[in-house]
Amino acid sequence: MGNIACKLFEKEAPNTVRIMVGLAIGKISYQDPATGATMKKRYFDGLTFHRVIPNFMIQGGDPLGTGTGGPGGPGFPYKNENVPSLKFDVAGRLAMANRGKDTNGSQFFITEQPVGLPDNTYTIWGQCENLNVVRALARVPTVGDRPKNPPHIKRVVIERVGPAPANAPETMP
């Protein structure tokens, strides 16, 4: 339905950005939740936005497409990274979806507008633009909050702007 560009908060959420970018570019190994096999490939390409709620958010990053899946193995789940100055007070926040504190995996959401989520509950790790695309995705036909025909993520493209930290995902073997 279009491109969504996001600036990642590498200084504020370094572990989350490293893991999510590492998954996106195929540099982090994980256990596939469907098969248990160890995988190391571009994780997000082809996945769906499996949950959409108009005037709230779109959610993706689950390889099962159900809202119950995520990578397993060493490093998963991982801890929240909360920064008091980062709140859900603007549209386009990119944050980790979770099942409670410190249960982050690969599922993420992008807010469509400022929302009243509790502070320090979700790691905010980016700010997205092209909110017209987020709005369009949030309004695909659904049953409950599940799209009847889930929109797919064609490809995640990572473009570094500025110097890379020593443990940047793109430097991983």
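Starting afresh in each chain, residues are numbered from 1 along the sequence in its written order. Restriction of local features to residues with pLDDT of at least 70 applies here, the model being predicted, together with a cutoff of 80 or more for giving and counting side-chain atom pairs; totals for whole chains, interfaces and linings are based on all residues. No hydrogens and no water enter the side-chain calculation; it runs on all heavy atoms of the structure.

Enquirer: Please give an account of helix α1 (residues 14-24) that cites residues and values.
Expert: Three labels apply to residues, based on accessible area from a 1.4 Å probe with only protein chains included: buried if under 20% of the type maximum, exposed if over 50%, partly exposed otherwise in between. Helical segments are the DSSP runs of H or I of at least four residues, strand segments are the runs of E of at least two, and each set is numbered from the N terminus. With eight of 11 residues buried, α1 lies mostly within the body of the structure. By the burial criterion, the buried members of α1 are Thr16, Val17, Ile19, Met20, Val21, Gly22, Leu23 and Ala24. The contact criterion used throughout is that any non-hydrogen atoms of two residues lie within 4.5 Å. The elements touched by buried residues of α1 are β1 (6-8), β2 (30-31), β6 (93-96), β7 (108-111) and β8 (124-128). Just downstream of α1 lies Gly26, where phi reads positive at about 80 degrees.

Enquirer: Describe in detail the pairing of β6, supporting the description with residues and values.
Expert: Of the two faces of β6, the one holding Arg93 and Ala95 and the one holding Leu94 and Met96 are both buried throughout. When DSSP finds two or more bridges between two strands, those strands count as paired. In this sheet, β8 lies alongside β6 in antiparallel orientation, the contact comprising three bridges. What sits directly across from Ala95, in β8, is Ile124. For β6 and β7, the ladder comprises three bridges, and the chain directions are antiparallel. Bridged to Met96 within β7 is Phe108.

Enquirer: Tell me about the state of the cysteines, and please be specific about residues and values.
Expert: Only a pair of cysteine sulfur atoms within 2.5 Å counts as a disulfide in this structure description. Counted by the stated rule, this structure contains one disulfide. Between Cys6 and Cys128 runs a disulfide, and the two sulfur atoms are separated by 2.1 Å. Every disulfide takes its handedness from the sign of the S-S torsion; for Cys6 and Cys128 that torsion is 95 degrees, giving right-handed. Within this pair, whereas Cys6 is found in strand β1, its partner Cys128 is found in strand β8, the two being separated by 122 residues in sequence. On the basis of relative accessibility, which here comes to 32%, the residue Cys6 falls in the partly exposed class. Residue classification places Cys128 among the buried residues on the basis of a relative accessible area of 4%.

Enquirer: Give a detailed account of the sheet that holds β6, specifying residues and quantitative values.
Expert: If you walk across this open sheet you meet the six strands as β1-β8-β6-β7-β5-β4, and the pairing is antiparallel. A single partner strand is all that each edge strand has here, and the edge strands are β1 and β4 (49-53). Along the sheet, successive strands turn relative to each other by an average axial angle of 25 degrees, direction set aside. This element, α1, spans β1, β6, β7 and β8 of the sheet and lies at about 65 degrees to β8. Between N-to-C directions, angles cover 0 to 180 degrees, with each direction set by a line fitted to C-alpha atoms, over the stretch in contact for helices.

Enquirer: Tell me what's going on with the pairing of strand β5 (residues 57-60), and back it up with residues and numbers.
Expert: Neither face of β5 is left uncovered, since the one carrying Met57 and Gln59 and the one carrying Ile58 and Gly60 both have all their residues buried. Direction of pairing for β4 relative to β5: antiparallel, over a ladder of four bridges. Within β5, the position partnered with Val52 by the bridge is Ile58. Here β4 hands over to β5 after three residues, with Asn55 in that stretch at a positive phi of 65 degrees. Looking at chain direction, β5 and β7 are connected through four bridges and run antiparallel. Across the sheet, the residue bridging to Gln59 is Phe109, located in β7.

Take it as geometry only, folks, not as evidence of what the structure does.
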